[in-house]
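If you want the building blocks of each chain, they are given just below.
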Amino acid sequence: MLMRTADLPERDRYKILSGTVLPRPIAWVSTIDKAGIPNLAPFSFFNVACSNPMTLMFSVGAADADKPNGKKDTLANIEAIPEFVVNLTNEETAAAMNLSATILPHGQSEFAWAGVTPAPSLTIQAPRVAEAPVAFECTLQQIVTIGSAQAGSSIIFGEVQGIYLRDDIYQGGYIHLDAYRPIGRLSGSGYAYVRELFEMPRVPAP
Ligand SMILES: Cc1cc2nc3c(=O)[nH]c(=O)nc-3n(C[C@H](O)[C@H](O)[C@H](O)COP(=O)(O)O)c2cc1C
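Computed from a predicted structure; not experimentally measured.

Draft legend 1. Just the packing of aromatic side chains, in detail. Summed over the entire model, instances satisfying the criterion amount to three aromatic pairs. Ring centres 5.1 Å apart and planes at 45° place the aromatic pair F43 and F58 in the tilted group. Within this pair, whereas F43 is found in strand β2 (residues 38-43), its partner F58 is found in strand β4 (residues 54-61), the two being separated by 15 residues in sequence. For the pair shown, F43 and F58 are each scored as buried. Just above the ring of Y164 sits the side chain of R128; from NZ or CZ to the centre is 3.9 Å. A cation over a ring is seen here: R195 above Y193, with NZ or CZ 3.8 Å from the ring centre.

In structure tokens form, the structure reads like this:
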């Protein structure tokens, strides 16, 4: 089957992308607004961008029509206070991560709704999620707008200034997956465990 993107409705474009580019990691992003009220939301259009300077990126899509300025709170907060924490989620925190995607009125914190605890960050004002196994404290590097913020997506790049790793996960300079127990996002409400592994060493040139 060969298709031209121009012939596809937007819903099908989303379904094809999110159903094929997977499993995706999930950025569980905490921010604060100007009054210091924390916000928390998951984003699976997310990945690493660079290791030096250490940089992450995630994509914020258009908001529901009822949001002020047509922007999700995460984007509005980062534009006001240019920093955020990318918490990573795992098997233990998956349900809380999912709860934090509930659309609450601006100013009402998803931390309480999801039953997780804000913990002070080392380098920025926005708190991390105390229960998250890994957290990257970021300052905003740049926002690249694809289409428009209201009808397209805002790709947010953050430079990592501080890192939290739960002690049992990071030992001897290595990440221990059996302690970390990460999850991946599939399409719709599907998720994957990272349990059935295989190794494939790189092949040197002949
Ligand atoms: C697992 C998961 C992944 C998500 N990924 C994205 C994403 O990549 N981009 C996006 O705009 N929304 C994504 N969402 C939806 C947002 O989390 C949702 O719109 C959230 O309520 C936005 O919150 P905010 O207004 O507090 O920023 C995702 C939701 C879930 C549950």
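From this point on, the discussion continues.
Draft legend 2. Expanded view of the pattern of salt bridges. Counted by the stated rule, this structure contains six salt bridges. Here E91 makes a salt bridge to R195, at a shortest N to O gap of 2.7 Å. Residue E91 is located in the loop between β5 (83-88) and α3 (94-99), and its partner R195 is located in the segment after β13 (191-193); the two are separated by 104 residues in the primary sequence. Note that E92 and R181 form a salt bridge whose closest N and O atoms lie 2.8 Å from each other. Residue E92 is located in the loop between β5 and α3, and its partner R181 is located in the loop between α5 (177-180) and β12 (183-185); the two are separated by 89 residues in the primary sequence. A relative accessible area of 43% means that E92 is categorised as partly exposed. Through salt bridges that share partners, E91, E92, R166, D168, R181 and R195 make up one connected network.

Draft legend 3. Broad picture of the sheet that holds β2. A sheet is described by the order of its strands in space; here seven strands give the open sequence β2-β1-β5-β8-β9-β4-β3, paired in antiparallel fashion. Both outer strands of the open sheet, β2 and β3 (46-51), are each paired with one neighbouring strand and no more. Averaged over all neighbouring strand pairs, the angle between strand axes comes to 35°, with direction disregarded. Examined bridge by bridge, β4 and strand β9 (residues 153-165) share seven bridges and lie antiparallel to one another. Bridge assignment links S59 to a residue of β9, and that residue is I155.

Draft legend 4. Layout of the pairing of β5. Within β5, six of the six residues are buried, leaving the element largely enclosed by the surrounding structure. Burial of β5 is two-sided: the residues E83, V85 and N87 facing one way and the residues F84, V86 and L88 facing the other way are all buried. Alignment of strand β1 (residues 27-32) against β5, held across four bridges, turns out to be antiparallel. Bridge pairing links W28 to N87 in β5.

Draft legend 5. The nonpolar core, seen in detail. F58, F84, V86 and F136 are the most contacted members of the largest nonpolar core, which totals 22 residues. Of all the secondary-structure elements, those providing two or more residues to this core are β1, β2, β4, α2 (73-80), β5, β8 (134-146), β9 and α5. Other than its neighbours up to four places away in sequence, F58 contacts A27, V29, F43, F45, F46, T74, I78, F84, S154, I155 and I156. With eleven residues, the next largest nonpolar core counts L40, A96, F111 and V129 among its residues.

About the thresholds
- Residues numbered from 1 in each chain as written.
- Predicted model: local features only at pLDDT ≥ 70, side-chain atom pairs only at ≥ 80, totals over all residues.
- Heavy atoms only, no water.
- Phe/Tyr/Trp six-rings, centres within 6.5 Å; stacked < 30°, edge-to-face > 60°.
- Helix = DSSP H or I, 4+ residues; strand = E, 2+ residues; numbered from the N terminus.
- Buried < 20%, exposed > 50% of the residue type's maximum accessible area, 1.4 Å probe, protein only.
- Lys NZ or Arg CZ within 6 Å of the ring centre and 35° of its normal.
- Salt bridge = Lys/Arg side-chain N within 4 Å of Asp/Glu carboxyl O.
- Pairing = 2+ DSSP bridges.
- Axes fitted to C-alpha atoms, helices over the stretch in contact; angles between N-to-C directions.
- Core = buried A, V, L, I, M, F, W, Y, C linked by side-chain atoms within 4.5 Å.
- Contact = heavy atoms within 4.5 Å.

Shape descriptors only; they carry no functional weight alone.
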